Every structure is written in C-alpha cells, then in structure tokens.
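Each chain is listed here by its residues.
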Protein chains: 2
Amino acid sequence: MSDLTLSIDAMGGDSAPEVVLDGLKLFRGMSPGVRYLLHGRQSELVAGVASRGLTDICEICNQPEVVSMNAKPSSALRKAKGTSMWSTVEAVKDGRAAAGVSAGNTGALMAMSMLALRKMEGVHRPAMTAVWPTLKGRAVVLDVGANLDADAEQLVEFAVMGESYARAVFGIEKPTVGLLNIGAEDEKGPDAVKLASEILRTRDLGIEFKGFVEGNDISMGEVDVVVTDGFTGNVALKTAEGTARLVSTYVRQALTSSPLSKVGALLAKRGLMDLRTKMNPSSVNGGVLLGLNGVVVKSHGGTDAEGFATAVGLAANLARSNYMQEVATGLTRVGRQDIAAESVSK
Amino acid sequence: MSDLTLSIDAMGGDSAPEVVLDGLKLFRGMSPGVRYLLHGRQSELVAGVASRGLTDICEICNQPEVVSMNAKPSSALRKAKGTSMWSTVEAVKDGRAAAGVSAGNTGALMAMSMLALRKMEGVHRPAMTAVWPTLKGRAVVLDVGANLDADAEQLVEFAVMGESYARAVFGIEKPTVGLLNIGAEDEKGPDAVKLASEILRTRDLGIEFKGFVEGNDISMGEVDVVVTDGFTGNVALKTAEGTARLVSTYVRQALTSSPLSKVGALLAKRGLMDLRTKMNPSSVNGGVLLGLNGVVVKSHGGTDAEGFATAVGLAANLARSNYMQEVATGLTRVGRQDIAAESVSK
C-alpha cells in the first residue's frame, strides 16, 4: 500500500542518476510504502530503475534537460521548463507529490522553489536549514544561507519555523530554541538579535526559548534549534565542516604514523567504525527551504546513496507531519501579536 | 643580558598567580633574555617568584586590587586604578615595557587597553585576533569580537593590521589574506564585504589578497589571514572550538569503547600524543587587540602554564618585530588613497 508519494529529481547531484536510484533502493528497505515520481531523462533511467527492482514504485516523468551544478540561479530560472529540477518542484506545487528531493544546484533549487511554491502567508523570508550533529544528538540550524541578513521579526519567524521543523524531523515534542549570539548576557549583541530575544521571551508563541547561545553551544547540543541570519549560519556551518575535516585528518595521521599505531588502529577498529558513523555527513544530509507552501529537500550534491536516503527520509518525515499547519498557526500568533503591539503603541 | 621587558598581569586568569608564574618559568627556558614587570599583590607573589627562581628577572609592581573575571567592562574601568590589570597596561603605555600580557577579564582588558593606549592614527576600530590551527600550520582570524560589525573601510584596515601581525608572529614574509564570505563568486555576499574586496583588489596596499574564503577554508589553511567582522568571527571561532570538542569526545569514546579498543589506543599512544599536541588549545593561546599604540596580549583565562608561555611568546615576537611601524605605514597607504579617491570623485 502506498501511503506517500515523493517527487525526486533523478538528474541532480554529482553522481546522478546512480546515487539517486541507489538511495531510493536503500530507503525502500526502511520505508517500503513510499512511491516516487522520478523526474529526468527516461532513456537514462529505465534500465537503472529496473535493475534495482524499483519499477513498481517509480513513475518516470520524462524531462530532457538538466540544470548544471554551476548555473547561476537567474539563468537556471529562465531555462527552467523541461528540466528535471523544475518538474520535481512542480509536482509538489500541483499536489501530485507530498514533498520533493533534489541533489542539484542549490541556488537554482531555492529560486525554483520560491517561484513555484511561493512564500507561506506571514513569512517575510524563507530560511534554509541544516541538521547539525551534537553531543546530545542532533540540532537544526537556520538560516544557513537563504538570506544575507535578518531583522528581529524575521529571526522570530525562523524560530517559529525551526521549532515546528525540529518537532517534525526529530520527533521532539517540545524542542528548545536558542538565538546565536556572541555572549549569553542580555545586553550583548546586535540590535536585531537582542530585539528578537525580547520578542521570543515576552510574546506568547508557545516556544521553549532558552535565550542566547554561542558558537560552541551548537555542537554541545545546548538547544534543539539554533536561530541566526543566513550569513552567520552559513559561515558557522562551513567552519564546523572545515574543523571536523581538520580533526579527522589529525586522527588519521595519528593512527597511521607508525607500524605500532596501525596495529593499534586495527585493534580499535570497531570503536573507530562507530566514530566514522558518527562523523558521517550522510547521516545529517538534507536541508529544507522553510516558509514555502510545500517541502523540497536539498540534498548535498556530492552525497552517497546513504546520504540521499537520509534526505528522502527527511522529506517523508516532513510530509507525514503537521509541520505546514503548525507553522501556519505559529506565524498567525506572531502576526496577531504584531497588530496587538501596534495598537498598544498608538 | 636583558633584550626585552614585558608587563605581566600576575593576578589575571582562573588560576592566577600560579599558572602565570609557571608560564614565565617555562618561557624563560625558551627565551632567557626577557625581563618582567609583574603586577599584583606583592605578598602573594614574592614566595612564588623566589621558589621558581625568577627573582632576578621579575620586578614586582605591588597592586592591591584584582579585576574580577565577571566584572562588566564599564564597572572595571571605573575601578581601574590600583588593579594589576590597569598597572599592566599602564607600563606598556609609559614605555616601561615593550608589550603586556593578561589572562584576566577580556572585556575589561579591551576597555583598559583602549583607554590607556588609544587607537593608532588611521584606525577607526581596533580588532581582536585569534590564532587558528590549520591543515598547513596556523592562520590569524580577525576580528573575533572587539566589534559587532564592520564596514568596508574597517575590513580593509583589519586586513592591513592582520597582514603585518601574521608576518610578525608567524614569520611569513608575504602572508596571504582572504575575506570571509559565503561564496567565492564576486557577486555574492554583503555589500561591505564586496566593497572591501574591491578595495583590496584595486588599491596598491602591498597585500597578497586572495579574494573571498568560506568557513571551511579557514581550517584548510587556504590563507594566512582571514578578515571578517567581530560578530561573524566570534561565532566562527567558538563554533570551531565546539566542533573540535565534539570530535575529540567521539574519538575518546571510540578508543575506550571496548577492552580491545583500549589496547589499540595504548599501541597507538605515540600517534595519539601527537594528536593531543596538535589539538592542544595552549599552542594557539593569545589574542591581541590590534590597532592600538601598544601591544597587550589577552591570554585565555583558563589556560595552563604552557598556554600562558605561548601568550608571552606572542607578546615577545610582536615587541621584537616591526609590527607597529608596518601597520602605521600600511594605514597611511589606505588613508592616502582615500584622499586620492575623493579628489578624483569630485
């Protein structure tokens, strides 16, 4: 029985369509009831779908064009028609699929999603999410690059969207929310961040707001949702990736620096495999542009089958959750209190 | 023979004065010719100085008061007189010492340094540095928190100061400089960052400017100097610290997860000790508020003797270098071309 249909860009990513199809096969093992609309060149997909035994759950939507990984968003938008990416997003817009996934060009996917799905009522700016591994599990950080900045009201909207998102994808009933700042004290930080904190503390938004968090608190898992502007969030995310790579390189060097070290690494093999699993970026793959009338998950372009399956799982979780309704309700609360605040100030 | 006198806040930091004195003893082994003005409570210092055999190179400047680690900068400034921190900075101002070091309250030290040493001519805002471990060695990142933001001209000044700083402390003849952004393409990023890039590319400042770098490029060692505003730099630095701590925890868990893993870790001991050395924050301890008429190094408050010795070494390197003159010359170049640009635009 099919409980869900997802829209998949079969041609997006560095190793499409192989990694995409392998990912779907992998995900079928975890969640057999999902069906797929597979967008891309039929001629390049039929054999791969068949050989992986996916014919019964995949409907191929033939699209001749592929958005190149380095195309500028504006140019990709102009030539959107006929691409697998546009078709993937359109199926979500039309309601033929409950959510979409693409590992293609990030800027193009954001632009097409914005154009096709439009912003939800009450959202001033959509925000891009990243799932972040922490000492306690996982956290969601947003915005990680959909915008360059954010004012207080937009940060509050990100908090509302991020909180619902964390509940949907992590299954936490009451996710905790923190605002990224450079100190924990009330008087520290940029005006927008301080004002957003005041709004989150004082308005009745039903959010478990924990105040300011600092950069080191993200990986420590101090909160489930970290809210920041797109510039800061993007720098933080990439800085963390670079640091993790640096430390991994050090560890590899340490464990291959001498014959004795190599023997040691062999004995510690099981523990080190756990380490590799924990450090595996595939396990946290998938970002979503929140705040649109529909869900399209962006998978990392260089991900493997496991990572693509993770992104598909994210789409399925969101599609099955009350995320959209919750955000709509949350934003209404923000909006209503705006009006209340205005009438008081008059 | 004494070639250099440094001014040391003996009472600053979580474990003062012990860690401070141990650090000086350690540094004496590396650089015997340095003398110290030691600011703090004479009664608490005499015995410790003597027991470490430092009496001949330390002159104690008795100061009864200590700035508390959690005092607000404004309150610390009001009660500055009589504190070991103020006395440390004053000795640099008066020329009795070539540079200063304190592991005390960061905000208070920045405020006192600003007040006593004043900004260099041509500097609009001072910037705080951090030394960052990279795949290729070390990089300097600035500003990591002296300011909340920075306009284009200020970012250019940070680049000039950071470049001279990297030459002085790393001994690189021609340090490479990058601007932190969220993409490598010219058209990406906030206006201030894009304009700063244009200035650094087009003005003849004698700087090896490599364009934009992203968060992951810092740890990869793509450039020697990473320029950003204080908010972004502080978040990036703390995010990297958190990530490094997370990965270290994972590694520790991996190597103690079973008896076999523990034996493996024992065999790989030498390699893992190298790893610990590389990951040791003490080896990159010490930040400097650049752009003042004098050098005061901020050591981490929780550092150990080795870390304090690193900070003292940083102060010695800067004091022995042409850093101050170089920055003055560099800033004159920036300033002159401002005027030139203005007269052209008229």
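These remarks concern the structure in this document. Values in this document were obtained by computation on a predicted structure and should not be read as measured data.

**Notes on the sheet that holds strand S7 (residues 176–180) of chain B**
Residue and element names in this part refer to chain B.
Then, number 1: The 11 strands are arranged S3-S2-S1-S4-S11-S10-S5-S6-S9-S7-S8 in an open sheet whose pairing can be described as mixed. Taken across any chain shown, the strands that pair with only one partner, and hence form the sheet edges, are strand S3 (58–62) and strand S8 (208–213). Pairwise comparison of adjacent strand axes, ignoring direction, gives a mean angle of 30 degrees for this sheet.
Then, number 2: Along the sheet, helix H4 (residues 84–93) contacts strand S1 (4–9), strand S2 (34–40), S3, strand S4 (99–102) and strand S11 (296–298); its crossing angle with S1, the most-contacted strand, is approximately 160 degrees.
Then, number 3: Contacting strand S5 (127–134), strand S6 (137–142), S7, strand S9 (225–227) and strand S10 (287–290), helix H6 (residues 152–170) runs over the sheet at an angle of about 150 degrees to S6.

**Considerations on the interface of chain A and chain B**
Then, number 1: Listed as interface residues are 51 residues of chain A and, on the opposing side, 51 residues of chain B.
Then, number 2: Considering only the side of chain A, the residues that lose the most area to chain B are Ile182, Phe231 and Tyr250 of chain A, jointly responsible for 14% of the buried surface there.
Then, number 3: On the surface where chain A and chain B come into contact, there are two salt bridges.
Then, number 4: Between Glu214 of chain A and Lys238 of chain B there is a salt bridge, with the nearest N and O atoms lying 2.3 Å from each other.
Then, number 5: At the junction of chain A with chain B, the criterion picks out four residue pairs in polar contact (both at pLDDT 80 or more).

**A word on the pattern of salt bridges**
All names here are of chain B.
Then, number 1: With the rule as written, the count across this model stands at 24 salt bridges over all chains.
Then, number 2: Between Glu208 and Lys210 there is a salt bridge, with the nearest N and O atoms lying 3.9 Å from each other.
Then, number 3: Assessed through its relative accessible area of 34%, Glu208 is described here as partly exposed.
Then, number 4: With a relative accessible area of 49%, Lys210 lands in the partly exposed category.

**Here's the deal with the sheet that holds strand S11 (residues 296–298) of chain A**
All names here are of chain A.
Then, number 1: With mixed pairing, the 11 strands of this open sheet are ordered in space as S3-S2-S1-S4-S11-S10-S5-S6-S9-S7-S8. Every other strand in the sheet has two partners, leaving strand S3 (58–62) and strand S8 (208–213) as the edge strands with one partner each. Taken over all neighbouring pairs, the strand axes of this sheet differ in orientation by 30 degrees on average, direction set aside.
Then, number 2: By the bridge criterion, three bridges tie strand S1 (residues 4–9) to strand S4 (residues 99–102) in an arrangement that is parallel. The residue bridging Ser7 from the neighbouring strand is Gly100, located in S4.
Then, number 3: Along the sheet, helix H4 (residues 84–93) makes contact with S1, strand S2 (34–40), S3, S4 and S11, crossing S1 at roughly 160 degrees.
Then, number 4: Packing of helix H12 (residues 305–320) onto the sheet brings it into contact with S1, S2, S4, strand S10 (287–290) and S11, and relative to S1 it is tilted by some 140 degrees.

**Quick word on helix H5 (residues 106–117) of chain A**
All names here are of chain A.
Then, number 1: An ideal rise of 1.5 Å per residue puts 16 Å on 12 residues; H5 measures up with 16 Å between its terminal C-alpha atoms.
Then, number 2: Considered for burial, the residues of H5 that qualify are Ala108, Leu109, Met110, Ala111, Met112, Ser113, Ala116 and Leu117.
Then, number 3: Buried residues along H5 sit in contact with helix H3 (73–78), H4, S4, strand S5 (127–134), S10 and S11.
Then, number 4: Sitting at the head of H5, Asn105 places a side-chain oxygen 3.1 Å from the backbone nitrogen of Gly107.

Each value, and the rule that gives it
- Residues numbered from 1 in each chain as written.
- Chains lettered and ligands numbered in written order.
- Predicted model: local features only at pLDDT ≥ 70, side-chain atom pairs only at ≥ 80, totals over all residues.
- Heavy atoms only, no water.
- Pairing = 2+ DSSP bridges.
- Helix = DSSP H or I, 4+ residues; strand = E, 2+ residues; numbered from the N terminus.
- Axes fitted to C-alpha atoms, helices over the stretch in contact; angles between N-to-C directions.
- Contact = heavy atoms within 4.5 Å.
- Buried area = accessible area lost by both parts, 1.4 Å probe.
- Salt bridge = Lys/Arg side-chain N within 4 Å of Asp/Glu carboxyl O.
- Polar contact = N/O pair within 3.5 Å; in protein donor to acceptor, adjacent residues only side chain to side chain.
- Buried < 20%, exposed > 50% of the residue type's maximum accessible area, 1.4 Å probe, protein only.
- Expected span 1.5 Å × (residues − 1).

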